[in-house]
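Read off the chains here:
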Amino acid sequence: MAPSMRPFTTASFLGQLQQAGRRSFVTSRPSPIASRARWTPRPAFSQIALRQSIRRASTEAPKPKKRRFRSFLRWTWRLSYLSAFAGLGYIGYGIWEMRNPDDQPEPDPSKKTLVILGTGWGAVSLLKKLDTENYNVIVVSPRNYFLFTPLLPSCTTGTIEHRSIMEPIRNFLRHKKAAVKFYEAEATKIDYVKKIVHINDDSEIKGDISSTEVPFDMLVVGVGAENATFGIPGVREHGLFLKEVGDAQRIRKRIMDCCETATFKDQPPDEIKRLLHMVVVGGGPTGVEFAGELQDFFNSDLKKWIPDITDNFHVTLVEALPNVLPMFSKQLIDYTEKTFKEETISIRTKTMVKKVTDKYIEAESTGPDGKKVLEKIPFGLLVWATGNALRPVVKDLMMQIPAQKDSRRGLAVNEYLVVRGTENVWAVGDCAVANYAPTAQVAAQEGAFLAHMFNSMAKTTEIEQQLAKLSEAQEKATAKDSRDQIFSEIKDLQKRLRRVKSIGPFEYSHQGSLAYIGSEKAVADISWMSGNFATGGTVTYFFWRSAYLSMCFSTRNRILVLMDWVKSKMFGRDVSRE
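Residues numbered from 1 in each chain as written. Predicted model: local features only at pLDDT ≥ 70, side-chain atom pairs only at ≥ 80, totals over all residues. Heavy atoms only, no water.

A. The pairing of strand 24 (residues 521-528), seen in detail. Summarising the sheet, strand 23 (residues 512-518) and strand 24 pair through six bridges and their orientation is antiparallel. Following the sheet pairing, Gly512 is matched in strand 24 by Ile526. Where strand 23 folds back onto strand 24 in an antiparallel hairpin, the turn is made up of two residues, including Ser519, whose phi is positive at roughly 55°. Of the strand pairs in this sheet, strand 24 and strand 25 (residues 531-537) are connected by seven bridges, and their pairing is antiparallel. Paired with Val523 across the bridge in strand 25 is Gly536. (Pairing = 2+ DSSP bridges. Helix = DSSP H or I, 4+ residues; strand = E, 2+ residues; numbered from the N terminus.)

B. Geometry of the environment of Cys155. As for its position among the elements, Cys155 is in helix 6 (residues 152-155). For Cys155, a relative accessible area of 9% translates into the label buried. Taking the C-alpha atoms as reference points, Cys155 and Val245, 90 residues apart in sequence, are found 8.4 Å from one another. In this view, Cys155 contacts Ile160, Glu161, His162, Ile165 and Ala248; residues no more than four positions away in its chain are not counted. (Buried < 20%, exposed > 50% of the residue type's maximum accessible area, 1.4 Å probe, protein only. Contact = heavy atoms within 4.5 Å.)

C. Main features of the pattern of salt bridges. Per the counting criterion, the structure on display carries 15 salt bridges. Close ionic contact of Glu167 with Arg556 constitutes a salt bridge, the shortest N to O distance being 3.1 Å. Residue Glu167 is found in strand 4 (residues 166-168), and its partner Arg556 is found in helix 17 (residues 555-571); the two are separated by 389 residues along the sequence. Overall, Arg556 belongs to the partly exposed group, its relative accessible area being 26%. The salt bridge involving Lys567 is made with Asp564; its shortest N-O contact spans 3.8 Å. Remark: Asp564 and Lys567 occur in helix 17; sequence separation between them is three residues, near one turn of the helix. In this structure Lys567 comes out as partly exposed when scored by relative accessible area, which is 39%. (Salt bridge = Lys/Arg side-chain N within 4 Å of Asp/Glu carboxyl O.)

D. Local environment of the environment of Leu147. Take Leu147: it is sitting in strand 3 (residues 145-147). Leu147 sits in the buried class, given a relative accessible area of 0%. Separated by 406 residues in the primary sequence, Leu147 and Phe553 place their C-alpha atoms 8.9 Å from one another. Once you skip the residues sitting within four places of it in the chain, Leu147 turns out to touch Trp121, Leu152, Ile165, Met166, Lys243, Glu244 and Val245.

E. Expanded view of the packing of aromatic side chains. This model, assessed by the stated rule, comprises 20 aromatic pairs. Where Tyr516 meets Trp544, the ring centres are 5.2 Å apart and the plane angle is 25°; that geometry is what we call stacked. Residue Tyr516 is located in strand 23, and its partner Trp544 is located in helix 16 (residues 538-551); the two are separated by 28 residues in the primary sequence. For the pair formed by Tyr516 and Trp544, the shared burial category is buried. Here the aromatic rings of Trp544 and Tyr548 are separated by 5.1 Å at their centres, their planes lie at 50°, and the arrangement is tilted. Pair noted here: Trp544 and Tyr548 are both in helix 16, with a separation of four residues, about one helical turn. Given the relative accessible area of 3%, Trp544 is considered buried. One Lys or Arg, Arg78, reaches over the ring of Trp75 and ends 4.8 Å from the middle of that ring. (Phe/Tyr/Trp six-rings, centres within 6.5 Å; stacked < 30°, edge-to-face > 60°. Lys NZ or Arg CZ within 6 Å of the ring centre and 35° of its normal.)

F. Seen up close, the sheet that holds strand 24. The sheet built from three strands is open, its strands ordered 23-24-25 with antiparallel pairing. Two strands bound the open sheet, and with one partner strand each, they are strand 23 and strand 25. Strand-to-strand, the axes of this sheet are offset by a mean angle of 10°, without reference to chain direction. (Axes fitted to C-alpha atoms, helices over the stretch in contact; angles between N-to-C directions.)

G. Expanded view of the sheet that holds strand 1 (residues 113-117). Taken in spatial order, the five strands of this open sheet run 5-2-1-9-21, and their pairing is parallel. Looking along the sheet, the strands with just one partner apiece sit at the ends: strand 5 (181-184) and strand 21 (425-427). In this sheet, adjacent strand axes meet at a mean angle of 15° when their direction is disregarded. Sheet analysis places strand 1 next to strand 9 (residues 218-221), joined by four bridges and oriented parallel. In the sheet register, Leu117 faces strand 9, and the bridge partner there is Val221. Its contacts with the sheet put helix 5 (residues 121-129) on strand 1, strand 2 (136-141) and strand 9, and the angle it makes with strand 1 is roughly 145°.

H. Region of the structure containing the packing of helix 5 against helix 14 (residues 440-476). Running from N to C, helix 5 and helix 14 point in directions that differ by 35°, and their axes come no closer than 7 Å. Taken as a pair, helix 5 and helix 14 cross one another with a handedness that is right-handed. Along the contact surface, helix 5 presents Trp121, Gly122, Ser125, Leu126 and Lys129, while helix 14 presents Ala440, Ala443, Ala444, Gly447, Ala448, Leu450, Ala451, Phe454 and Asn455. Taken together, the residues of the contact of helix 5 with helix 14 break down into nine nonpolar, four polar and one charged. (Left-handed = near helix turned anticlockwise from the far one by under 90°. Nonpolar A, V, L, I, M, F, W, Y, C, P; charged D, E, K, R; others polar.)

I. Layout of a nonpolar patch on the surface. A cluster of nonpolar residues, Trp77, Tyr81, Leu82, Phe85 and Leu88, forms a patch on the protein surface that exposes about 610 Å² of accessible area. Leu82 sits in the exposed class, given a relative accessible area of 52%. (Patch = residues over 30% accessible without salt bridge, like charges linked within 9 Å, V, L, I, M, F, W, Y side chains within 5 Å. Areas by Shrake-Rupley, 256 points an atom, 1.4 Å probe, with all protein chains shown as cover.)

J. Highlighting helix 11 (residues 285-305). Over its 21 residues, helix 11 runs 29 Å from end to end, which matches the ideal 30 Å to within 8%, given 1.5 Å per residue. The largest bend along helix 11 measures about 45° and falls at Phe298. (Expected span 1.5 Å × (residues − 1). Bend = angle between axes of the 7 residues up to and from the residue.)

K. Focus on the confidence of the model for the protein chain. On average, residues of the protein chain score 87 in pLDDT, and 88% of them reach the 70 mark or higher. With pLDDT under 50 throughout, residues 23-29 is counted as low confidence; its partners more than four residues away or in other chains account for one contact. Per-residue pLDDT stays below 50 along residues 31-40; that stretch engages in two contacts with residues further than four places along the chain or on separate chains. (pLDDT = per-residue confidence, 0-100.)

If you want it as structure tokens, here you go:
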């Protein structure tokens, strides 16, 4: 059949349209104007594909809620990394500012001389908030650094390096408004009548002058306390304390000495058990935290690298009271004792140490029936973490003041922390008796209170001097307007003076108690609203870490402590002796 005589069908028509569209596309591309002016036939399958793509696009289009949620996530992410950059910039600026102190004016000799003894919690808290432009400030201490004592038990096992919790005292004294004199020396005697402090240089390197006198108009005693042995023979000779950096270093060496000596060739079994028995005396936070850190050190590192000691290593906590952590709630005490039992740490409550030798302690324990039994407890390491005793300089000062004759535990102070029987001497921290527990928290609040009071006293003196000058000017003024103006200024200054003088007595605000108990668990008894919130466990452990990290003295300390925690988690604690 001829092409012109082909029968008409739908398929042939669509084919002709397709060939016509393809031919027009190949031969010539119409301009946009021409395509609007005339209709160009499209292939049928192109129209179908176009309709399908439009339908698919309409079904796959994001819903408005999803679009808003994605936009929220995008802006949250942007805000997060912008905040991170801002935080890094803030920390960097803080470090730069700390490393580059400004020049300080010399203290004004005409102003009162304020002498501060010690660089502990109370003294440093006072120095941080004190306006040094108001006084001629002198600091005397045998150590030229502040020590963050709550993390000292972690230094004994290498979890934290000791320099990470030390802040040089000159680092922040150089940032005060006016220069502060610092003498690394020990105060040997305070002459209250002559207002003189006798100081002595105890360093290994001595100059031509190793002892001298420092006069004062105002004196703050914050020398802390010594370790109390309660007169028990042998404690100082054979026990180790946990109060200073040197104590932590000695404990660290003794732990490794005991482990290495226990693995010495042909060592008798009884001697091995004695060497690997670690005894901690004192069930307060320091003793409990050290026992927990020591058991962690054994579980995570010692038995891994020195497997020979696995069967004999043991930690025992000795406490004279019926339970450990007496300042915590009964719920947390029970939780601590249960955790120690799971960690195989023995708790010996109602046990009093009577005598200490180089290889064992004699202890008197009270049984359930009330009978007292005297027994010998062998040890390789003995850590004494209980009680405070007065330093000689504090005892000597108490003997000079008749009002202190009945005081036994320290310098008795009034509600403004003034030493009773004196007018210009204050005491803070463990050397003062203010009806509060001798803790770092109490000492820090006492120091801050004194700083506020001293700043107010300086403002009072300044206002009184201004009032005296205005009174003289008012007497000399002849015009009524001048007298009225001066009188108005006097009234304003008197109002300021009343506000400044309205300083209330010191009131301690208990923020709570924290203690690490090992196995990445901690207990916390926190003051909340009108009551206490008691909690313990792994979540509390992270709260304990974050709280101590925030309480560190400086950004430098926080970064170093955080790096130590990460390092010990990644690589473990070092088991070398030094």
